[in-house]
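# What the coordinates show
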Amino acid sequence: MPCGQQESGAAVVPPARYVVGVDVGSTVVKCHVYDRAAAVRGSSCRKVESLYPRPGWVELDPEVLWSQFVGVIKDAVQAAGLHMRQIAGLGISTQRATFITWHKRTGKPFHNFISWQDLRSSELVNSWNKSLLLKVVHVIFTVLHFLTGNDRYLAPSFLTFSTQQTSMKLSWVFKNIHEAEEAAKKNNCCFGTVDTWLLYRLTKGSVYATDYSNASATGVFEPFTKSWNPTLCNLLSIPMSIYPPVKDTSFNFGSADSEIFGVPIPIMAVVADQQSAMFGECCFHPGDVKLTMGTGGFWNVNTGEHLFASRRGLYPLIGWKIGEEVVYLTEGCMSDIGTAIRWAQDINLFTNVDETEKMARSIVDSQGVCFVPGFQVSVNDPYLCASFMGLKPSTTRNHLVRAILESVAFRNKQLYDIIVKKVRIPLQTIRADGGVSNNSFVMQMTSDLINKKIEKPANADMSSLGAAFLAGLASGFWTDKEQLKKLRRIEAVFEPQKDSEEYKPAMDIWLQAMKRSLHW
């Protein structure tokens, strides 16, 4: 039969009328297939298996992650009852700052993915933060900022390193993995966050790139100049040759090799998960705020075309770049949101996470019990100790669960207050997403504490939707952001019901507990 001629009676595949959004998170890989109304037509989810080869080390097997990624896409398209040819574009949202290095010629990794949660660089971090050289850097940039008034010199003037930053772990790689060090000397070492690795694998090595949102979240990328930071890399002895080219967020990155899905699927967006959730929430205007409560907690404020210099507790990011448009964000983060709740479930404080809201509401208060989260290293104190305080013979599981949920709301209040104080933009709409946003106790208490209305979308998986939106814009599936705003669906709105002063005694006790858990 001549090529392209259809066999009589063969099924006709309808045109491409769907986009796929994949979110490679810290705990799960999720995929949703969306139609033009942004309704989910098919979904799939697989658990991310973290590896803990040594105390404090957190890794991901790149081959397992690749298999999970491909698997969820195939499963979601099948669940939607569709053919791969009906997919107009693929958008990929990924956890940030988790990275891998590999040999440029062979494509063979030098190590597993090193997670953003990994603590192996803690000794390096402590050594650098106490070093004379860093104090000299502070003085130099303080003088430069004073003389020029240029905000790009403000962040280095009080630069401190943390284990969550890619820079320190990358420095650790070149100090401890000889093969990576040798390859870098010969310009044969490639660095990539999760998005870069997936792009590389999807295109069988023909595309090596990242986007501005992922690059800006590494701590090695300078958002003011929109380039990899040579000063920092020289300081830490990291070769500049290892970094990928940086592309727009909504962009035609090429197509997945046809051997993977049977047909070449266009890859139309790669984006960091928090920025993707921001886009999915349609926080397109300066002052729009997105609150994500998932594994960790993130407050993001759209600052428009204005890039605010990093200030203590907050740091600047590139939200997305689409053509000439560059949108900047300011972010504050907190660890151990979903992590703490999952731990409480693992030790049988409750059976199903849906029970927690009812348990918390079944008592009038936590009876003075406080929960201090600290399973992951704190940016401010690497020795913060996770703890329950104020336990009594009368303490029940309900008190413990309520204390955990209250700690989420109290930390939301802390970050919100920092944002109000330091971000010189009137805050507009606040929109929440992430698994913990399904807990109305946490949502209502947060609304009360900050005295602001909070919207919760019908679909809490905003990172997948944001990636799909960005891919849909690049492929012409959707026309513009105004069309996307009309597709938003709000499930609930939480408005303040109590005066925040009513929570002051409980929050004061919690702050005392936090102080006692420092420097453990």
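Residues numbered from 1 in each chain as written. Predicted model: local features only at pLDDT ≥ 70, side-chain atom pairs only at ≥ 80, totals over all residues. Heavy atoms only, no water.

Another aspect to go through is the pairing of strand β18 (residues 325-334). Extensive coverage of β18 is indicated by the burial of 8 of its 10 residues. Note that strand β16 (residues 297-304) and β18 share 7 bridges and pair antiparallel. Each bridged residue has a counterpart across the sheet, and for Phe298 the counterpart in β18 is Cys333. Sheet topology places strand β17 (residues 315-322) next to β18; 7 bridges connect them, and they run antiparallel. Along β18, the bridge assignment pairs Pro316 with Thr330. What sits between β17 and β18 in their antiparallel hairpin is a turn of 2 residues, with Gly323 showing a positive phi close to 65°. (Buried < 20%, exposed > 50% of the residue type's maximum accessible area, 1.4 Å probe, protein only. Helix = DSSP H or I, 4+ residues; strand = E, 2+ residues; numbered from the N terminus. Pairing = 2+ DSSP bridges.)

The next thing to look at is a nonpolar patch on the surface. There is a patch of nonpolar side chains on the surface, built from Leu132, Leu133, Val136 and Ile140 and spanning about 370 Å² of accessible area. The exposure class assigned to Leu132 is exposed, which follows from its relative accessible area of 66%. (Patch = residues over 30% accessible without salt bridge, like charges linked within 9 Å, V, L, I, M, F, W, Y side chains within 5 Å. Areas by Shrake-Rupley, 256 points an atom, 1.4 Å probe, with all protein chains shown as cover. Salt bridge = Lys/Arg side-chain N within 4 Å of Asp/Glu carboxyl O.)

As a further point, take helix α18 (residues 504-516). Here α18 spans 18 Å end to end across 13 residues, near enough to the 18 Å set by a 1.5 Å rise per residue. Of the positions making up α18, those classed as buried are Met507, Trp510, Ala513 and Met514. Each buried residue of α18 lies within a common arc of 115° when the element is viewed along its axis, so the set occupies one face. Opposite the buried face of α18, at more than 90 degrees from it, the exposed residues are Pro505, Gln512, Lys515 and Arg516. Contact partners of the buried residues in α18: β19 (370-372), β20 (387-389) and α14 (397-422). (Expected span 1.5 Å × (residues − 1). Arc of directions from axis to C-beta. Contact = heavy atoms within 4.5 Å.)

Turning our eyes to something else, we now look at helix α2 (residues 122-129). Taken together, the buried positions of α2 are Leu124, Val125 and Trp128. With its buried residues spanning 100° around the axis, α2 presents them on a single face.

Turning to the domain arrangement of the chain, a few remarks are in order. Each assigned domain of the chain is listed here: domain 1 (121-162) and domain 2 (282-461 + 479-517). Each of domain 1 and domain 2 was reduced to a C-alpha centroid, and the two centroids are 29 Å apart. (Domains from an automatic or database assignment.)

Turning to the sheet that holds strand β2 (residues 28-34), a few remarks are in order. Across the sheet, which stays open at both edges, the 5 strands sit in the order β3-β2-β1-β6-β14 with mixed pairing between neighbours. The strands lining the two open edges of the sheet, one partner per strand, are β3 (40-47) and β14 (267-272). Between one strand axis and the next, the sheet turns through 15° on average, direction left out of account. The sheet contact formed by β2 and β3 spans 7 bridges and is antiparallel. Across the sheet, Val29 pairs through a bridge with Arg46, a residue of β3. Across the sheet, helix α7 (residues 194-202) touches β1 (18-24), β6 (87-94) and β14, and the angle it forms with β6 is around 145°. (Axes fitted to C-alpha atoms, helices over the stretch in contact; angles between N-to-C directions.)

Our focus in this paragraph is the environment of Val408. Secondary-structure assignment places Val408 in helix α14. The spacing of Val408 and Glu63 is 345 residues in sequence and 35 Å in space, taken between C-alpha atoms. The contact partners of Val408, leaving out residues within four places of it in the chain, are Met293, Met334, Ile337 and Val442.

Counting 51 residues, the largest nonpolar core has Met293 and Trp299 as the members making the most contacts within it. Looking at this core, the element that brings in the most residues is α14, giving 11 residues. (Core = buried A, V, L, I, M, F, W, Y, C linked by side-chain atoms within 4.5 Å.)

To continue, consider the packing of aromatic side chains. A full pass over the atoms with the stated rule returns 24 aromatic pairs. Ring geometry for Phe191 and Tyr243: centres 5.5 Å apart, planes at 75°, overall edge-to-face. Linking Phe191 in strand β9 (residues 189-193) with Tyr243 in the loop between α9 (230-236) and β13 (246-247), this pair joins segments that are 52 residues apart in sequence. Given the relative accessible area of 7%, Tyr243 is considered buried. Across from the ring centre of Phe477, 4.3 Å away, lies the NZ or CZ of Arg36, which sits over that ring. The ring of Trp57 is capped by Arg120, whose NZ or CZ atom sits 3.8 Å from the centre of that ring. (Phe/Tyr/Trp six-rings, centres within 6.5 Å; stacked < 30°, edge-to-face > 60°. Lys NZ or Arg CZ within 6 Å of the ring centre and 35° of its normal.)

Moving on: the sheet that holds β17. The sheet built from 7 strands is open, its strands ordered β17-β18-β16-β15-β21-β22-β23 with mixed pairing. Looking at which strands have only one partner, the edges of the open sheet turn out to be β17 and β23 (490-494). Adjacent strand axes in the sheet meet at a mean angle of 25° when their direction is disregarded. Pairing analysis gives 4 bridges linking strand β15 (residues 289-293) to strand β21 (residues 430-433), with the strands arranged parallel. Bridging across to β21, Thr292 finds its partner in Asp433. Strand contacts of helix α15 (residues 440-450): β15, β16, β21, β22 (454-457) and β23, with the helix running at about 155° to β22, the strand carrying the most contacts.

A word on the pattern of salt bridges. All chains considered together, the criterion is met by 22 salt bridges. The partner of Asp75 in a salt bridge is Arg46, and the shortest N-O contact between them spans 2.8 Å. Of this pair, Asp75 sits in helix α1 (residues 62-79) while Arg46 sits in strand β3, and the two are 29 residues apart along the sequence. Classification of Asp75 by relative accessible area gives partly exposed; the value is 29%. Across the salt bridge formed by Arg431 and Glu455, the nearest N and O atoms sit 3.3 Å from each other. A residue pair is termed long-range when its members are at least 10 positions apart, and Arg431 in strand β21 and Glu455 in strand β22 qualify at 24 residues. Both residues of the pair, Arg431 and Glu455, belong to the buried class.

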